[in-house]
Every structure is written in C-alpha cells, then in structure tokens.
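Given next are the chains, with one letter for each unit.
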Amino acid sequence: MPRITTSLFELFKVGPGPSSSHTIGPMKAGHHFMETVRKLDTALLEQADVIDIHLFGSLSATGEGHGTRRAVISGLLGHQPETCPPDVLDSLDLDPTQIYQLDIGPKTIDFKAEEVVFDAVHHDFPFSNTLLFRLGKGGAPLYEQEYYSIGGGFLRWKGWKEPEVGEPRFKYKDMAELKKHLVMHDIRLHELILENEMAITGLSENEINQRLDNIIMVMERSVEKGIQTEGRLPGPIGLYRKAPTLYAKAKKAHFQGPGFLKALNAYAMAASEENASGHCIATAPTAGAAGVIPGLLFMLKRHMGALTDEIRQGLMAAAAIGFLAKNNASISGAEVGCQGEVGVASAMGAAMIAYARGYRFQITENSAEIALEHHLGLTCDPVGGYVQIPCIERNAMGAVKAYNAYLIASSVEAAYHMVDLDKVIRAMAETGRDMSQKYKETSLGGLAVSVIEC
Ligand code: SF4
C-alpha cells in the first residue's frame, strides 16, 4: 500500500458548495479542459464549432440538484474554486436561450447550458463520477478528455500521472505506522504533520500557517453568515434555513445547558446551509460535510477559549485522520456513502477537539475512532439530489457525535478502549464496497425515494 503524501490543502480547500465532487471537481475539470484545448494545434481549433460535456454516475443522477451544470460552465468560463467569487454559481444564468462565448484561442465557440448533458448513471468508466468533455465539429469529435471527480474536490483524468511531490519525512500508510513514528521520534502529532507538509509541498512553516489561517477564516465566515441568514434554500424543496433560529435560542439560554448543544447545532447547520446555497465554504473533508468541522471550530473558539495556535494544531490532528480515511477507504459519498463524508468529518472533528483541548495522541485517536464507528453504514441518499435533506441536519448530528465521542474518550481510561482507528477505517471500506449503488449519492434509494420532493 502506498505511503501517504496527501497535503493539508488537498483536504481543506476553499470552493463553492454544495458538493465537492459535484461542484469543485467539475469546476476544475471545466477550467482544465479549456486550458488544455487552448494548447492544441491552431488548424484543429479553427475547425471546431462545438463543445459538449456528458456527465455520468451520480453526477448525472444528482447533478442538477448538486449544481454540477453551473460548476462546469463556471470552469469553462475561466473560474477556479479557490479564487471564484463567493456567489459565482448563483450568478450564472441557466436560461436555455443564454449563449456563452467560450474562448479557445484563435476563435470563440457559442455554448449553451443544455450542452452539459446528464448521461448514464450506470457506466463502464473506471470512476463513478465521470465527465466526458468533447471539442468537435458537427457530430465528429476533434479532441476529447475523460475526467474523474473522485471525491473531496480531487480531480483525475485519463492518462493522469501522480504529480511529483516531495518525500514525506515520516512515511506511514496507517495509524499503526504513524504511532510508531510518534513514539520512536518523541514527536507530537501536529509536529509530524507539519514536518511532512513542508517536505511534501516545499512550503515553509509560516506559509502553511498562513494557509491554515485562511481556511479557519473561511470556515468562521461561513458560520457567521449562516447564523445571520434567514429564508429558504435554493431549489424545489423550499427548505427553510434553521441555523438562525437555533442560534437565537442558544443565545437566549446564554449558551448554557441545552443552549450549548443548540449553539453547536446552529454553527454546523449554518456552514452547511451556506454550502447548500452554493456559496464558498472550506471542504472538511468534503463540501457535503462542510458544516461539521467549522461548527466545532467555532464552538472551540467562541465558547471553549481555544487559541489560534491550538486551532491550527487541532486542524492538523484532524487532517491526520482524514488522510488515513482517504488513503485506506474513501471520503466520497459516491464511493462509500455518507459514512465517508459526514462520518469522516465527525471523526476528524472529534480528533480536532481532543487535540486542541490539549489531549495527547491516544485520546485523539480514540475520539476519532468512536465518532467514525458510530457512522458506519451511513448511506448517502439526498432528497431530489439536493445537498439539503438529510445533509444539513446530518452535519449537525456529525458535530454533536464528534463532541460526544471526545467526551467519552477523554473521560475513561484510554486502556479500556478496544477498537483502533485502522480497524474502523477498514470496516468502513468494506461496508462501502458492499453497499448498494442506490445509497451512493445517486438519489435512487433511502430517503431520496421515501420523501417526495416538493
Ligand atoms: S447524504 Fe452525506 S454524502 Fe450524501 S450528499 Fe448528503 S452529506 Fe454528502
């Protein structure tokens, strides 16, 4: 099994919601395709008169509700997730008569939204979420590229090669190996993650801290905006935002007793409601699960007195859990169901609180393990293909479970704990493999069929 070389900033990324695999990945694909096309031979480009895109797998099943069409068009128009305006998806007009001019170098091509086609849900491509981009003349393709949105906003394409990255200073593939390094080198978890990040990316400690601070700022901003924004979310469900009401009730209770939990629910739902609106969020580890860690982080800062440095260190501990889940199972709802999204976010969040509160490694691992264990088997069944029901409340539940997992792990003897994180990640991978495709972000089973979309 290969050693882990994932960067912190592949896991924590800024981009538009509502789904990292359905918006961030496809936006990157659109941008990458245009960049590639502009480098093609001018004579070939002169002949071209059409660009079309076919979406497969869950991108087809839930792509309309997940905003994939808008994300692809934004990418074709030159936007990238990290730098696009916060409301870029809102601002796109999907009027079928609207014509966009796509600049391919020597000429422009007229493009309409209907040229993003929702194709087969079941297919033979190597990854579930596949996009086929074509530049053509009439019905004949001149150039085409397959892209795979593999979850968490990660993008691959046919012929993609692992980019050259630096060798991590501490090589590990699972928690057992990670633990050995911590003991053998007498190093703390966040120090190990930081050393590896510097070695992999070539960034300095200062640059890494600046980037982490930007992620923290985006997370806090999504919570702040969400607790202040009333009304209904976009889409046919007409779901009301709940975060402002919960926040008002928590405030009335001075954030004490049930007020504490109401606040945690409000913060997680606030970021999640912002995500459902297609606004900018930070993936943690995905956009669908973008409420759990921001909710807990906001709680840590506002009500538990955590300092910036403790939050940074907590995020690095959370990332260690995310790396292990991504590399030994999956963080994609389309691959393993929601256990890989909200389940992993909850495990990461539990690790973050334990670590930021000053607990050492074993309590941090146990917190993460308990949170993930109690998400095993969780399906992905978004109603109408919108990242709203069950996703928003599920983020709140993921945050509360993370807090509870931390309370259990930090209250009892670590030696009493029987299950290690590697085992629960393995169980998640196997459960995901056995899970019917209906429950993997296709909206063909579970709540998506038992709740009638309004
Ligand atoms: S059910 Fe979970 S995995 Fe599926 S879209 Fe919602 S948050 Fe993502």
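Residues numbered from 1 in each chain as written. Predicted model: local features only at pLDDT ≥ 70, side-chain atom pairs only at ≥ 80, totals over all residues. Heavy atoms only, no water.

**Here's the deal with the pattern of salt bridges**
Quick reminder of the rule: Criterion for a salt bridge: a side-chain nitrogen of Lys or Arg within 4 Å of a carboxyl oxygen of Asp or Glu. Only protein chains enter the accessibility calculation, which uses a 1.4 Å probe; a residue is then buried when its area is under 20% of its type maximum, exposed when over 50%, and partly exposed in between.
Counting across every chain of the model gives 18 salt bridges. A salt bridge links Lys-171 to Glu-167; the shortest N-O distance between them is 3.2 Å. By relative accessible area, Glu-167 is classed as exposed at 54%. Ionic contacts of the salt-bridge type, sharing partners, join the residues Arg-3, Lys-173, Asp-174 and Glu-177 into one network.

**Some points on unusual backbone geometry**
A negative phi angle is the norm for most residues apart from glycine, just as the trans form is the norm for most peptide bonds. To keep things clear, this is the line we draw: Numbering of helices and strands starts at the N terminus; helices are DSSP runs of H or I of at least 4 residues and strands are runs of E of at least 2.
Geometrically, the link from Gly-17 to Pro-18 is a cis peptide bond, its omega value of 10° lying close to zero. Along the chain, Pro-18 turns up in the loop between strand 1 (14–16) and helix 2 (20–37). In this chain, Ala-284 is followed by Pro-285 through a cis amide linkage whose omega measures 0°. Relative to the elements of secondary structure, Pro-285 occurs in the loop between strand 9 (280–282) and helix 11 (292–303). Even without being glycine, Asp-186 reaches a positive phi, approximately 45°. Within the fold, Asp-186 resides in the loop between helix 6 (175–184) and helix 7 (189–201). Accessibility expressed as a relative area gives 70% for Asp-186, which makes it exposed.

**Some thoughts on a nonpolar patch on the surface**
Stated formally: Each patch groups residues whose relative accessible area exceeds 30% and which form no salt bridge, using 9 Å between like charges and 5 Å between nonpolar side chains of Val, Leu, Ile, Met, Phe, Trp and Tyr. Per-residue accessibility takes into account occlusion by the displayed protein chains alone, with areas from the Shrake-Rupley method and a 1.4 Å probe.
A surface patch of nonpolar side chains, amounting to about 320 Å² of accessible area, comprises Ile-408, Val-412 and Tyr-416. With respect to the helices and strands, the residue Val-412 is situated in the loop between helix 16 (391–411) and helix 17 (421–434).

**Looking at the sheet that holds strand 8 (residues 154–157)**
To keep it simple, the criterion reads: If DSSP finds at least two bridges between two strands, the strands pair. Angular values range over 0 to 180 degrees, each being the angle between N-to-C directions of two axes fitted as lines to C-alpha atoms, with helices fitted over their stretch in contact.
Taken in spatial order, the five strands line up as 5-2-6-7-8 in an open sheet, and their pairing is mixed. Edge positions in the open sheet fall to strand 5 (116–118) and strand 8, since each of these has one partner strand only. Each adjacent strand pair in this sheet contributes to an overall mean axis angle of 25°, direction not counted. Two strands pair when backbone bridges link them, and strand 6 (residues 130–137) and strand 7 (residues 140–151) are joined in this way by eight bridges, in the antiparallel orientation. From the neighbouring strand, Gly-136 faces strand 7, where its bridge partner is Pro-141.

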